[in-house]
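# Notes for the structure review
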Amino acid sequence: MHLLNHSEMRCDAIEQGFGVGGLPDYIAQQGIEAGALVPLLEDWQLQGNYHGDICLQYVQSKYMPNKNRVFIDFMKQNLLVIQSD
């Protein structure tokens, strides 16, 4: 698992196939227009006092260590909220 705290570096990693991630619109727009990025979960937003994005980037593999799967599931259950209209 790789952790980055820089939007352009995260964007480059996502475009190279390292995984998925949350990006500011102004960073993602060019990649979306070029077809290098695909928007996912557009109705989802983080809620709370945190004013940035939280993303998990990892190489998908059928041999993912159990500790990674447990962490990913925990993050999804505790940090992601679906916005209703």
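Report follows, based on the coordinates. Note that the structure is predicted; figures quoted are calculated from it, not measured.

Taken as a whole, this structure holds one salt bridge when the rule is applied. A salt bridge links aspartate 73 to arginine 69; its shortest N-O distance comes to 3.0 Å. Here aspartate 73 pairs with arginine 69, and both are found in helix 3 (residues 66-79), just four residues apart, close to one helical turn. Accessibility expressed as a relative area gives 31% for aspartate 73, which makes it partly exposed. Taking the relative accessible area as the measure of exposure, arginine 69 reaches 31% and is therefore partly exposed.

Relative to the helices and strands, glutamine 57 is located in the loop between strand 1 (44-45) and helix 3. In this structure glutamine 57 comes out as buried when scored by relative accessible area, which is 6%. As for glutamine 57 and phenylalanine 18, which are separated by 39 residues in sequence, their C-alpha atoms are 6.5 Å apart.

Its 14 residues place the ends of helix 3 20 Å apart at the C-alpha level, agreeing with the 20 Å of an ideal helix rising 1.5 Å per residue. Taken together, the buried positions of helix 3 are Asn68, Ile72 and Met75. With its buried residues spanning 65° around the axis, helix 3 presents them on a single face. Exposed positions of helix 3 whose direction lies more than 90 degrees from the buried face are Asn66, Lys67 and Gln77.

The rules behind these values
- Residues numbered from 1 in each chain as written.
- Predicted model: local features only at pLDDT ≥ 70, side-chain atom pairs only at ≥ 80, totals over all residues.
- Heavy atoms only, no water.
- Salt bridge = Lys/Arg side-chain N within 4 Å of Asp/Glu carboxyl O.
- Helix = DSSP H or I, 4+ residues; strand = E, 2+ residues; numbered from the N terminus.
- Buried < 20%, exposed > 50% of the residue type's maximum accessible area, 1.4 Å probe, protein only.
- Expected span 1.5 Å × (residues − 1).
- Arc of directions from axis to C-beta.

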